[in-house]
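Okay, here's what each chain looks like letter by letter:
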Amino acid sequence: MGVSTAAHQIEGAHTADGKGPSIWDTFSGIKGKIQSGHHANHSCDFYNRYGEDICLMDQMNIPNFRFSLAWSRILPKGHGQANQKGIDYYNRLIDGCLERNIEPWVTLYHWDLPQELEHRGGWTNRDIVSWFQEYAHLCASQFGDRIKHWMVLNEPMVFVGAGYFLGVHAPGRRGIKSFLAATHHAALCQAEGGRILRNALPHAEIGTTYSCSHLEPFRPTLIRDHGATRRVDAILNRLFIEPGLGLGYPIADVPYLRRIQEFMRPGDEALLPFEFDFIGIQNYTREMVKYAFFTPFLQAALVPPKKRGVASTVMNWEVYPPAIYHILHKYNKYPQIKKLIITENGAAFPDQVVNGEVNDTQRLHYIQEHLKQVLKAKQEGVKVDGYFVWSFTDNFEWAEGYHPRFGLVYVDFETQQRIVKASGKWYTEFLNPSPFWTSPKNRGGDAAAAL
Ligand code: BGC
């Protein structure tokens, strides 16, 4: 059990101590890209306040903390000269967690590509594989003595789809060509990162994470909607995991994907698989899919919750707890997967501070109901072994800026004051440490221990 975060969303200190710019620093500076012109230059100021935040995490009985490393803090230009001050910061953060018996879980890449690399094509340039190798080697050698749990990539489908196809995330590129090139290179990096970590750190637990949405046909009686759902599933839920498991790209369901072969070199098929110790599942919602003749490539469209008249969050995502149960069963069917961990689940609701308190009953209920579904799946034999709430504190929610608040802890971004929300207080109680625990693994109450 734990909480998840990402460097760019919480650290702030965007130019401190030699950090180089990332694509998100650049993107946020372009007018109209982020809601209300927000940016993450200061964000939660976690770079300077990590000590207090870890202390709060400890008071909240949180035994596992997932965070990412900012590539451009460690290698300001993406490769070449390393930045010792950036490395020192992560050493302090890791040591701070360990001193408080909080187990650090590290993601190598959570979307903040060094801008210098984007100037050279970013994820569409095959050289990204060697840049990523260099970065992964460096992280393993600097932090591997203390980090036992690694995740290579965070949700490749989102950073490739939103960043290189739709253009709504950094670096804001569009089009099928850049999408296919970036997809193949990210799929190579996910496996390459796994191999580098495994060779350098044979005892570490190595995973990678995926965004997974439970999908259903909007009109169950229409065969066309079933076909549309299958195609969307192939792109949203299978595009990266299947080559990683040795099953290749899901070309049979989306024949257009065949064009990815233009970016493949002889021998690449053998480089795509890697045997991960765990697969990180990040689920927030269910999507309903309908056939849409005019949508290019997929002939499918998602029917938003507002049109369906169902409850949704500030992100316009349906609140539907059984989604996580179905998703766990879906991935459990892959025999190649050894273990599943929910590395993100949570919700944004409009929080209000009243008399110094945030009574976020909707979020509290959302987390409780999702946890019930996870436990149900586990009791039915699904190999799920862990759950992380997204997120510890409110933070910079990418293109939506600071509007959606996902935290268990409220952040006043003017004063940097933290207020533990009702959901955070409940989670603290749920994690209820036994006075007898000796290591982070033994921490947690009975229900929490079941995960
Ligand atoms: C991402 C997070 C993001 C969260 C909520 C996930 O897609 O990994 O960075 O903040 O969902 O949108």
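Everything discussed here concerns the structure shown above.
Predicted, not measured: the structure shown is a model, and the values here were computed from it. (Residues numbered from 1 in each chain as written. Predicted model: local features only at pLDDT ≥ 70, side-chain atom pairs only at ≥ 80, totals over all residues. Heavy atoms only, no water.)

Undergrad: Give a detailed account of the pattern of salt bridges, specifying residues and quantitative values.
TA: Two side chains of opposite charge can pair, provided their charged atoms sit close to one another. For the structure shown, the criterion picks out 33 salt bridges. The partner of K19 in a salt bridge is D25, with the nearest N and O atoms 2.8 Å apart. Accessibility assignment for this pair places K19 and D25 in one class, buried. Each of D351, D360, R363, D394, R405 and K421 takes part in a single network of salt bridges with overlapping partners. (Salt bridge = Lys/Arg side-chain N within 4 Å of Asp/Glu carboxyl O. Buried < 20%, exposed > 50% of the residue type's maximum accessible area, 1.4 Å probe, protein only.)

Undergrad: Give me the sheet that holds strand β3 (residues 103-109): which residues, what numbers.
TA: Reading around the barrel, the 8 strands line up as β1-β2-β3-β4-β5-β7-β10-β13 and close back on themselves, with parallel pairing between neighbours. Strand-to-strand twist across the sheet, computed as the mean angle between neighbouring axes with direction ignored, equals 25 degrees. Looking at chain direction, strand β1 (residues 2-4) and strand β2 (residues 64-68) are connected through 3 bridges and run parallel. In the sheet register, G2 faces β2, and the bridge partner there is N64. Strands in contact with helix α5 (residues 84-99) are β2 and β3; relative to β2, the strand with the most contacts, it is inclined by about 170 degrees. (Pairing = 2+ DSSP bridges. Helix = DSSP H or I, 4+ residues; strand = E, 2+ residues; numbered from the N terminus. Axes fitted to C-alpha atoms, helices over the stretch in contact; angles between N-to-C directions. Contact = heavy atoms within 4.5 Å.)

Undergrad: So what's going on with the site of the ligand? Which residues, and what values?
TA: Taken together, the neighbourhood of the ligand is formed by 14 residues, with Q9, N154, E155, E344 and E397 sitting nearest. One nitrogen or oxygen atom from the side chain of W390 is found 3.3 Å from an oxygen atom belonging to the ligand. One nitrogen or oxygen atom from the side chain of E397 is found 2.6 Å from an oxygen atom belonging to the ligand. Relative to its unbound accessible area of 310 Å², the ligand is 95% covered by the protein chains. Looking at the shell around the ligand residue by residue, the class counts come to 7 nonpolar, 4 polar and 3 charged. (Near = heavy atom within 4 Å. Polar contact = N/O pair within 3.5 Å; in protein donor to acceptor, adjacent residues only side chain to side chain. Areas by Shrake-Rupley, 256 points an atom, 1.4 Å probe, with all protein chains shown as cover. Nonpolar A, V, L, I, M, F, W, Y, C, P; charged D, E, K, R; others polar.)

Undergrad: Can you tell me about the packing of aromatic side chains, naming the residues and giving the values?
TA: Within this structure, the stated rule accounts for 35 aromatic pairs. Considering the side-chain rings of W24 and F396, the 6.4 Å spacing of their centres and the 80 degrees angle between planes classify their relative orientation as edge-to-face. One end of the pair, W24, is in helix α2 (residues 23-28); the other, F396, is in the loop between β13 (384-390) and β14 (409-412), and 372 residues separate them in sequence. Each of the two residues, W24 as well as F396, counts as buried. Ring plane angle 65 degrees and centroid distance 6.0 Å describe the contact between F46 and F65, whose orientation is recorded as edge-to-face. Here F65 lies in strand β2 and F46 lies in helix α3 (residues 46-59), a separation of 19 residues in the sequence. Cluster of aromatic residues (ring-pair linked, three or more members): W24, F27, W111, F396, W398, Y402 and F413. Its guanidinium or amino end placed over the ring of Y89, R73 lies 5.7 Å from that ring's centre, counting from NZ or CZ. (Phe/Tyr/Trp six-rings, centres within 6.5 Å; stacked < 30°, edge-to-face > 60°. Lys NZ or Arg CZ within 6 Å of the ring centre and 35° of its normal.)

Undergrad: Help me get a handle on unusual backbone geometry, residues and values and all.
TA: A cis amide bond links A170 to the next residue, P171, at an omega of 5 degrees. In this structure, P171 sits in the loop between α8 (156-164) and α9 (176-200). Cis geometry marks the peptide bond from W390 to S391, where omega comes out at 15 degrees. Phi is positive for Q416, which is not a glycine, with a value near 65 degrees. With respect to the helices and strands, Q416 occurs in the loop between β14 and β15 (417-420). Accessibility expressed as a relative area gives 11% for Q416, which makes it buried.

Scope: geometric values only; no functional claims are made or implied.
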